[in-house]
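# A closer look at the structure
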Amino acid sequence: MARLLARGTGRRKEAVAQVRLYHGTGSFNLNGRSLEGYFPTPARRMRVLEPFRTVNAEGRYDVVAKVEGGGISGQADAIRLGIARSLVFMDPTLRHDLKRAGLLTRDARVVERKKYGLRKARRAPQYTKR
């Protein structure tokens with residue numbers, strides 16, 4: 001197996017991705033599946049590949065990622081952050097480009113908790129006058 005180059009952890013909502021980069025041909029192994037097998041939607045695949053496109057490194061690294069928690073969208077963004085962080089660990093000169101593209105910022109938005117007396121986080125029960 002190829003030598004490990006870098007590791008990165010990405011989080012988004014409830015999803016956590018542990019990403020490892022190796023020298024290679026651009027293959028993906030996400031929980032034992034390929035990129036196309038894990039993310040059938042082209043939009044999600046584009047989000048995962050965004051860090052490589054930003055630094056012109058498409059097809060140069062193999063990605064092995066273990067992802068758990070959350071949904072499909074959160075997992076795609078967690079992998080994206082993990083890839084960006086591992087690219088910066090490998091080559092700190094890439095930090096400026098990735099930061100400007102907004103790929104190193106952890107999206108802190110999470111679901112607001114439900115409050116008592118309400119139907120959802122903010123939705124109140126319907127008011128009845130009579």
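Anything mentioned here points back to the structure above.
Residue numbers here run from 1 along each chain, matching the order of that chain's written sequence. Per-residue local features are limited, in this predicted model, to residues with pLDDT of at least 70; the limit for side-chain atom pairs, both in listing and counting, is 80 or more; totals at the level of whole chains, interfaces and linings are taken over all residues. Excluded from the side-chain calculation are hydrogens and water; included are all heavy atoms of the structure.

This paragraph deals with the pairing of strand β1 (residues 4-12). Note on pairing: two strands pair once DSSP finds at least 2 bridges between them. Under the scheme used here, helices are H or I runs from DSSP no shorter than 4 residues and strands are E runs no shorter than 2 residues, and both carry numbers assigned from the N terminus. Sheet topology note: the β1/strand β2 (residues 15-23) ladder contains eight bridges and is antiparallel. Paired with R7 across the strands is R20, a residue of β2.

With respect to topology, four strands assemble into an open sheet ordered β1-β2-β4-β3, the strand pairing being mixed. Strand pairing shows two members of the sheet lacking a second neighbour, β1 and β3 (28-30), which therefore form its edges. The mean inter-strand angle of the sheet, taken between neighbouring strand axes irrespective of direction, is 15°. Strand direction decides the pairing type here: β3 and strand β4 (residues 61-68), joined by three bridges, are parallel. By the bridge assignment for β4, L30 is matched with A65. Every residue pair with non-hydrogen atoms within 4.5 Å of one another is taken to be in contact. Simply put, an axis is a line fit to the C-alpha atoms, just over the touching stretch for a helix, and the angle between two N-to-C directions goes from 0 to 180 degrees. The strands that helix α2 (residues 42-54) touches are β2, β3 and β4; relative to β3, the one it contacts most, it runs at about 140°. Its contacts with the sheet place helix α3 (residues 72-90) against β1, β2, β3 and β4, and it is angled at close to 140° to β1.

For D77, the position within the fold is in helix α3. With sequence-adjacent residues up to four places away left out, D77 is seen in contact with R12 and R47.

Turning our attention to the packing of aromatic side chains. Aromatic rings from Phe, Tyr and Trp, taking only the six-membered ring of Trp, are treated as a pair when their centres fall within 6.5 Å; an angle between ring planes under 30 degrees marks them as stacked, one over 60 as edge-to-face, and anything in between as tilted. Inspection of every chain in the model, using the stated rule, returns three aromatic pairs. On the numbers, 6.4 Å between centres and 75° between planes, the contact of F28 with F52 is edge-to-face. Taken together, the positions of F28 in strand β3 and F52 in helix α2 put the pair 24 residues apart, joining distant regions of the chain. For the pair Y38 and F39, a centre-to-centre distance of 5.1 Å together with 80° between the ring planes defines the contact as edge-to-face. Summary of the burial criterion: residues with accessible area below 20% of their type's maximum are buried, those above 50% are exposed, and those between are partly exposed, where the area comes from a 1.4 Å probe applied to protein chains only. For Y38, a relative accessible area of 10% corresponds to the buried category. Taking relative accessible area as the criterion, F39 reaches 0% and is therefore assigned buried. Three or more aromatic residues joined by ring pairs form one cluster here, namely F28, F52 and Y61.

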